[in-house]
Amino acid sequence: MPSMMTLPATVSERPPLPMRPTPHERDGRQPCDPGGRPHPDQHSPAYPTILEALRRVIDEQIGPRQPGAIYQNQDGAFEVLAVARDPELARALLNRQCAQWALIVRDVLRPDGEPFAVGSVWTTSDWLVREADGVRCAADEASGRKAAQNCRSEANRR
C-alpha cells in the first residue's frame, strides 16, 4: 500500500506549460517590424491627400452657403453671415466635440432675428434663394469674425 508520505515528482519530470497564443497587440515577446501600425498616442503627420479629402468633404457639406447667401429649408430662410472653418471655433460655437465647421446665420423671416450658429449639412431639401457675392474683402472677414464673437457671447449668456 502506498504511503501518504510519498515525495512529489520533481520539476524535471513535469511537462512544460503550454505558451499562450500570441495576442492581437504585441507584448514584447516577438520583435516588431518597423512598418507596423503606430500606437494611437503617437501622432503622425497628416498626409496632404487626407487633408485635401477632408477639405472636399467640408466644402460639400457647406454647399453654396457663403457669407451673403440666403438659403431656405423646412426650418425657414436664413442669411449666412459667416463661415467658421476653424475646428476649434466651430466646436466652441456648436458645443460639439466633432465639429469641423459652423455657419453663423440670421433668420430673415423674423424681424428680430438674432445670429446663431448651425452645423447642418447642405441637403437636397435646401435651396438657394440668393447667391453670395463672389467678391470677398477684408471687411467681410472682419464682419464674419465679429458675427462669430457675437454668436459665441450670445451662447455663453444662455
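On a predicted model such as this, the values are computed, not experimentally measured, just so you know. The numbering scheme is per chain: residues are counted from 1 as the chain's sequence reads. Only residues with pLDDT of at least 70 get local features here, since the model is predicted, and only at 80 or more are side-chain atom pairs given and counted; chain-wide, interface and lining totals rely on the full set of residues. Calculation of side-chain values draws on the structure's entire complement of heavy atoms; hydrogens and water are dropped beforehand.

### Quick word on the overall build of the protein chain
Stated precisely, the cut-off is as follows: Helix numbering and strand numbering both begin at the N terminus, where a helix is a DSSP run of H or I of at least 4 residues and a strand a DSSP run of E of at least 2. The classification of residues rests on relative accessible area computed with a 1.4 Å probe and restricted to protein chains. Under 20% of the type maximum is buried, over 50% is exposed, and intermediate values are partly exposed. The contact rule is simple, with two residues in contact once any of their heavy atoms fall within 4.5 Å. The protein chains shown are the only cover counted for residues, whose accessible areas, like all others here, come from Shrake-Rupley with a 1.4 Å probe.
The secondary structure content of the protein chain amounts to three helices and five strands. The linear arrangement of helices and strands in the protein chain, starting from the amino end, is α-β-β-α-β-β-β-α. The buried share of the protein chain, taken over its 158 residues, is 23%. Put simply, 51% of the contacts in the protein chain that link residues at least 6 apart link residues at least 24 apart. Accessible surface computed for the protein chain: about 12,500 Å², of which carbon and sulfur atoms make up 56%.

### As for the packing of aromatic side chains
To keep things clear, this is the line we draw: Classification of ring pairs rests on two measures: the distance between centres of Phe, Tyr or Trp rings, Trp counted by its six-membered ring, which must be within 6.5 Å, and the angle between planes, read as stacked under 30 degrees, edge-to-face over 60 and tilted in between.
One pass over the full model with this rule turns up three aromatic pairs. With 5.6 Å between their ring centres and 40° between their planes, Tyr-71 and Phe-78 make a pair best called tilted. Residue classification places Phe-78 among the buried residues on the basis of a relative accessible area of 8%. Seen in terms of ring centroids, Tyr-71 and Trp-122 are 6.1 Å apart; in terms of plane orientation they differ by 65°. Their pairing is edge-to-face. Pair noted here: Tyr-71 is in strand S1 (residues 70-73) and Trp-122 is in the loop between strand S4 (116-118) and strand S5 (127-130), with a separation of 51 residues, a long-range link. Residue class for Tyr-71 comes out buried when judged on its relative accessible area of 2%. Among the aromatic residues, those joined into a ring-pair cluster are Tyr-71, Phe-78, Phe-116 and Trp-122.

### Considering the pattern of salt bridges
The following threshold applies: By salt bridge we mean one thing: a side-chain nitrogen of Lys or Arg within 4 Å of a carboxyl oxygen of Asp or Glu.
For the coordinates displayed, the defined rule picks out seven salt bridges. Close ionic contact of Arg-55 with Glu-52 constitutes a salt bridge, the shortest N to O distance being 2.5 Å. With Arg-55 and Glu-52 both in helix H1 (residues 48-62), this residue pair falls three residues apart, about one helical turn. The class for Arg-55 is partly exposed, based on a relative accessible area of 40%. Take Glu-52: its relative accessible area is 29%, and that puts it in the partly exposed class. Because the salt bridges share partners, they merge into one network encompassing Glu-52, Arg-55, Arg-56, Asp-59 and Arg-85.

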